[in-house]
Amino acid sequence: VADPSADLPAARHEGEALVQGLAACLPCDLRLGALRRADFLRVFKGFRFVHFAGHADAAGEGPGGLRLIDGHVGGADLRALGGGTAPALFFANACR
């Protein structure tokens, strides 16, 4: 996932570079730009590895979590992605 709030061009480049480097050895599904919460949860359910490059917000400032175009994805959401457990690896390059 790269630039899901559609305002970080550098995050887009990060996602493209990551897929370019990994595609030869792992199947990759790159989502660039605006991404809705429901789509994130639907598309990435069951993935073993997820890389996120975008914004995040602290829970004390609202719902908290990884910021998407229409809301946030929090810890409980991430655990549910793998059917009740978190992906084996979830890398978040996120800043506020």
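No experiment lies behind these values; they were computed from the predicted model shown.

Caption draft 1: Focus on the overall build of the chain. Along its length, the chain carries 3 helices and 4 strands. Along the chain, helices (α) and strands (β) appear in the sequence α-α-β-β-β-α-β when read from the amino end. For the chain, the C-alpha radius of gyration of 13 Å lies close to 12 Å, the compact-globule estimate for 96 residues. Put simply, 66% of the contacts in the chain that link residues at least 6 apart link residues at least 24 apart. By element, 57% of the accessible surface of the chain is carried by carbon and sulfur atoms, the whole surface being about 5,500 Å². Side chains of the chain carry 10 positive and 10 negative charges; the gap between the two charge centres is 6 Å.

Caption draft 2: Representation of the pattern of salt bridges within the structure. Applying the stated criterion to the full structure yields 5 salt bridges. Linking Asp 77 and Arg 37 is a salt bridge whose minimum nitrogen-to-oxygen distance equals 2.8 Å. One end of the pair, Asp 77, is in helix H3 (residues 75-80); the other, Arg 37, is in helix H2 (residues 37-43), with 40 residues separating them in the sequence.

Caption draft 3: Summary view of unusual backbone geometry. Even without being a glycine, Asp 3 presents a positive backbone phi close to 60°. Here Asp 3 shows up in the segment before helix H1 (9-22). Its identity as a non-glycine residue notwithstanding, Ala 6 has a phi of 60°, on the positive side. Along the chain, the position of Ala 6 falls in the segment before H1. Among the residues examined, Ala 6 registers a relative accessible area of 44% and is labelled partly exposed.

Caption draft 4: Representation of the packing of aromatic side chains within the structure. If you walk through the whole model with that rule in mind, you get 2 aromatic pairs. A centroid spacing of 5.2 Å and a plane angle of 45° characterise the contact between Phe 40 and Phe 44, whose relative ring orientation is tilted. The pair Phe 40 / Phe 44 is uniform in exposure class, with both members buried. On the basis of relative accessibility, which here comes to 3%, the residue Phe 44 falls in the buried class.

Caption draft 5: Summary view of the sheet that holds strand S2 (residues 65-68). Here 4 strands make up an open sheet; going across it, the order is S3-S2-S1-S4 and the pairing mixed. Edge positions in the open sheet fall to strand S3 (71-73) and strand S4 (89-95), since each of these has one partner strand only. In this sheet, adjacent strand axes meet at a mean angle of 50° when their direction is disregarded. As paired elements, strand S1 (residues 49-57) and S2 share 2 bridges and run antiparallel to each other.

Calculation notes
Residues numbered from 1 in each chain as written. Predicted model: local features only at pLDDT ≥ 70, side-chain atom pairs only at ≥ 80, totals over all residues. Heavy atoms only, no water. Helix = DSSP H or I, 4+ residues; strand = E, 2+ residues; numbered from the N terminus. Rg over C-alpha atoms; globule rule 2.2 N^0.38 Å. Contact = heavy atoms within 4.5 Å. Areas by Shrake-Rupley, 256 points an atom, 1.4 Å probe, with all protein chains shown as cover. Lys, Arg positive; Asp, Glu negative; His and termini not counted. Charge placed at Lys NZ, Arg CZ, Asp CG, Glu CD. Salt bridge = Lys/Arg side-chain N within 4 Å of Asp/Glu carboxyl O. Buried < 20%, exposed > 50% of the residue type's maximum accessible area, 1.4 Å probe, protein only. Phe/Tyr/Trp six-rings, centres within 6.5 Å; stacked < 30°, edge-to-face > 60°. Pairing = 2+ DSSP bridges. Axes fitted to C-alpha atoms, helices over the stretch in contact; angles between N-to-C directions.

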